[in-house]
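These are the residues of each chain, in order.
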Amino acid sequence: MAAISELLASAREQAGLTQRQLGAETGIPQASVSLIERGLISPRASTVERWLTACGVTLQLVTLREPAAVRSAPRVTEEPPERHPDDERHDLDWASWMS
């Protein structure tokens, strides 16, 4: 997979823009455009969006797989576990406790 710097440089070149022209259209300084394209600094998401918009490219993010934390989280469709009757004695009545 290509690095973001390569993708951004390619989008700019395919749009027929110089670094200076891209900077003028997006407000991104030409020096920053150069640093981003060389992979020396990482652009913010908002910078990527402005850059691609100026190049006539639509940005679409797609999740390829769920992070481990999401995969292991209980699903909303699952029923909550049954409560044991003894659990109720441990519940706090916050309203009366705070008074």
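Residues numbered from 1 in each chain as written. Predicted model: local features only at pLDDT ≥ 70, side-chain atom pairs only at ≥ 80, totals over all residues. Heavy atoms only, no water.

### Notes on the overall build of the protein chain
Here is the rule we go by: Helix and strand definitions here come from DSSP, where helices need a minimum of 4 consecutive H or I residues and strands a minimum of 2 consecutive E residues; each element is numbered from the N-terminal end. Only protein chains enter the area calculation, which uses a 1.4 Å probe; residues under 20% of their type maximum are buried, those over 50% are exposed, and those in between are partly exposed. Any two residues whose heavy atoms approach within 4.5 Å at even a single point are treated as in contact. All accessibility values rest on the Shrake-Rupley procedure with a 1.4 Å probe; residue burial counts only the protein chains present in the view.
Scanning the protein chain for helices and strands turns up six helices and zero strands. Along the protein chain, helices (α) and strands (β) appear in the sequence α-α-α-α-α-α when read from the amino end. Residue burial in the protein chain is summarised as follows: out of 99 residues, 21% are buried. Sequence-distant contacts, at least 24 apart, represent 53% of the contacts inside the protein chain between residues at least 6 apart. Of the accessible surface of the protein chain, which amounts to about 8,200 Å², a share of 54% is contributed by carbon and sulfur atoms.

### A look at the nonpolar core
Counted only if it meets this: The nonpolar core is taken to be a set of buried Ala, Val, Leu, Ile, Met, Phe, Trp, Tyr and Cys residues, with the residues joined through side-chain atoms within 4.5 Å.
Membership of the largest hydrophobic core is limited to eleven residues, which are Leu8, Ala11, Leu17, Leu22, Ile28, Val33, Ile36, Val48, Trp51, Leu52 and Cys55. Put simply, the parts of the chain that give this core at least two residues each are helix H1 (4-14), helix H3 (30-37) and helix H4 (45-54). With three residues, H4 is the single largest residue contributor to this core. Once you skip the residues sitting within four places of it in the chain, Trp51 turns out to touch Leu8, Ala9, Arg12, Leu22, Thr26, Ile28, Val33, Ile36 and Glu37.

### A short note on helix H2 (residues 19-26)
As a reminder, the rule being used: What the arc describes is the spread of directions from the helix axis to the C-beta atoms.
Restricting attention to buried positions, one finds in H2 the residues Gln19, Leu22, Gly23 and Thr26. Down the axis of H2, the buried set is contained in an arc of 100°. They therefore lie on one face. Away from its buried face by more than 90 degrees, H2 exposes Arg20, Ala24 and Glu25. Remark: Gly27 follows H2 within two positions and exhibits a positive phi of approximately 85°.

### Digging into the pattern of salt bridges
Put simply, the rule reads: Every case where a carboxyl oxygen of Asp or Glu lies within 4 Å of a side-chain nitrogen of Lys or Arg is listed as a salt bridge.
Applying the stated criterion across every chain, the model contains two salt bridges. Residue Arg12 pairs with Glu13 through a salt bridge whose shortest N-O separation is 3.8 Å. Under the relative-accessibility criterion, Arg12 is labelled buried at 10%. Here Glu13 falls in the exposed class, since its relative accessible area comes to 53%. Here Glu37 ties to Arg12 by a salt bridge, and the two come within 2.5 Å at their closest N and O atoms. With a gap of 25 residues between them, Glu37 in helix H3 and Arg12 in helix H1 connect regions that are remote in the sequence. Looking at Glu37, the relative accessible area reads 15%, which means it is buried. Among the ionic contacts, a cluster of salt bridges with common partners joins Arg12, Glu13 and Glu37.

### A few points about the confidence of the model for the protein chain
Operational definition: The predictor attaches a confidence to each residue, and that confidence, scored 0 to 100, is pLDDT.
Overall, the prediction assigns the protein chain a mean pLDDT of 79, with 64% of residues at 70 or greater. Scored below 50 in pLDDT, residues 89-99 shows one contact in the model against residues more than four places distant or in partner chains.

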